[in-house]
Amino acid sequence: MGFYEAQVLPRVIDVMCGNAEMEKVRRPVVDGLSGTVLEIGFGSGPNIGLYPAAVTDVLAVDPALVGRQLAEKRLAAHPDSPPVTYVGLDGAHLDLPDASVDHALSTWTLCTIPDVLGALHQVRRVLRPGGSLHFVEHGISDDPRVARNQHRFEPVQKRLAGGCHITRDIPDLLQAAGFRLEELARFQLAGPKVMSAMWSGVAVPV
């Protein structure tokens, strides 16, 4: 991992995804979480302060060590937040027992994980019976013209944003990994259309 990916990009993502406008999108996604929550793509901890009181602890997965430093500031500002334990760098290789977490959380992470199906299979493996994956993600637009532009722009996006894909079909990936979509919303954020096609929802193992 080069200097840009290790030192600069985590700070850029913190500003872009951790602001007040994005918090409005994150907040409904964390509703309903409880117990032990596995958060893949924990980053700088922008969900700190949003977890429901029923969440007892958070198991964090993220490759960006700078993100941990930024997260410490958020944890200090929210002393009532559940404790956070780092459990790995790669969502596709989780050193956790089967059926060991109550819920999982992913906020704008599935676009970037190289082995996204491997990561989803791991999430499915570690969820306890009755557990669920809460998510908000961007991906391929349902407008064919926008989708064509996304395919053209994606190589540049991947270089600028640490491997971020903008053409992934998140519902299809979840179902391919053995999840059923219990809740699903499609919406558009303000901003460039190639970046702003969104899904949020709740998926459960089948």
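Above this text you will find the structure in question.
To keep things clear, this report deals only with the structure shown in the data block. (Residues numbered from 1 in each chain as written. Predicted model: local features only at pLDDT ≥ 70, side-chain atom pairs only at ≥ 80, totals over all residues. Heavy atoms only, no water.)

This part takes up the pattern of salt bridges. Enumeration according to the criterion identifies seven salt bridges in this entry. One salt bridge connects glutamate 23 with arginine 27, and the closest N-O pair in it is separated by 2.7 Å. Highlighted residues: glutamate 23 and arginine 27, both in helix 2 (residues 20-30), separated by four residues, approximately one helical turn. Under the relative-accessibility criterion, glutamate 23 is labelled partly exposed at 31%. (Salt bridge = Lys/Arg side-chain N within 4 Å of Asp/Glu carboxyl O. Helix = DSSP H or I, 4+ residues; strand = E, 2+ residues; numbered from the N terminus. Buried < 20%, exposed > 50% of the residue type's maximum accessible area, 1.4 Å probe, protein only.)

Let us look at the layout of surface pockets. For the largest pocket, the calculated volume is near 1300 Å³. What lines the largest pocket is a set of 49 residues, and nearest its centre among them are Ile13, Cys17, Trp108, Thr112 and Ala161. If you list the elements that add at least two residues to the lining of the largest pocket, you get helix 1 (3-17), helix 2, strand 1 (35-40) and helix 5 (144-160). If you tally residues by element for the lining of the largest pocket, the top one is helix 1, at eight residues. Here the residues of the lining of the largest pocket are counted per class, giving 27 nonpolar, 15 polar and seven charged. (1 Å grid on protein atoms, 1.4 Å probe; cavity = no way out; pocket = protein on both sides within 12 Å on 5 of 7 lines; lining within 4 Å. Points joined across faces, edges and corners; volume = space filled by probe spheres on them. Nonpolar A, V, L, I, M, F, W, Y, C, P; charged D, E, K, R; others polar.)

Let's shift gears to helix 5. Between the first and last C-alpha of helix 5 there are 24 Å, a value that for 17 residues agrees with the 24 Å anticipated at 1.5 Å per step. Roughly 50° is the biggest bend found in helix 5, and it falls at phenylalanine 153, with proline proline 155 one to four residues downstream. A distance of 2.9 Å separates the backbone nitrogen of arginine 145 from a side-chain oxygen at the start of helix 5, and that oxygen is part of aspartate 143. Where helix 5 ends, the next residue or the one after it, glycine 162, has phi of about 65°, a positive value. (Expected span 1.5 Å × (residues − 1). Bend = angle between axes of the 7 residues up to and from the residue. Polar contact = N/O pair within 3.5 Å; in protein donor to acceptor, adjacent residues only side chain to side chain.)

To continue, consider a nonpolar patch on the surface. There is a patch of nonpolar side chains on the surface, built from Phe3, Tyr4, Val8, Val12, Met16 and Leu160 and spanning about 560 Å² of accessible area. Per-element accounting of the nonpolar patch gives the leading share, five residues, to helix 1. With respect to the secondary-structure elements, valine 8 resides in helix 1. Exposure remark for valine 8: the relative accessible area of 30% places this residue in the partly exposed category. (Patch = residues over 30% accessible without salt bridge, like charges linked within 9 Å, V, L, I, M, F, W, Y side chains within 5 Å. Areas by Shrake-Rupley, 256 points an atom, 1.4 Å probe, with all protein chains shown as cover.)

Turning to the packing of helix 1 against helix 3 (residues 65-77), a few remarks are in order. For any two helices packed against each other, one specifies the inter-axial angle together with the distance between the axes. Orientation of helix 1 relative to helix 3, taken along the N-to-C sense of each, is 40°, at an axis distance of 8 Å. As far as their axial angle goes, helix 3 and helix 1 are oblique. Taken together, the residues of helix 3 that come into contact with helix 1 (itself represented by Ala6, Gln7, Pro10, Arg11 and Asp14) are Val66, Gly67, Gln69, Leu70 and Arg74. (Axes fitted to C-alpha atoms, helices over the stretch in contact; angles between N-to-C directions. Parallel < 35°, antiparallel > 145°, perpendicular 65-115°, else oblique. Contact = heavy atoms within 4.5 Å.)

It is worth spelling out unusual backbone geometry at this point. Of note, the phi angle at alanine 99 is positive, near 50°, even though the residue is not glycine. Despite not being glycine, tryptophan 108 has its phi angle at roughly 55°, a positive value. Inspection of the secondary structure puts tryptophan 108 in the loop between strand 4 (101-107) and helix 4 (116-126).

In this section: the sheet that holds strand 7 (residues 197-205). Spatially, seven strands are ordered 3-2-1-4-5-7-6 in an open sheet, and the strand pairing comes out mixed. The two strands at the open ends of the sheet, each matched to only one other strand, are strand 3 (84-88) and strand 6 (179-188). For this sheet, the mean inter-axis angle between neighbouring strands, taken without regard to orientation, is 20°. Here strand 6 pairs with strand 7 via nine bridges, running antiparallel. The partner of alanine 185 across the bridge, within strand 7, is serine 200. (Pairing = 2+ DSSP bridges.)

In short, the description is geometric, and any link to function would need to be established separately.
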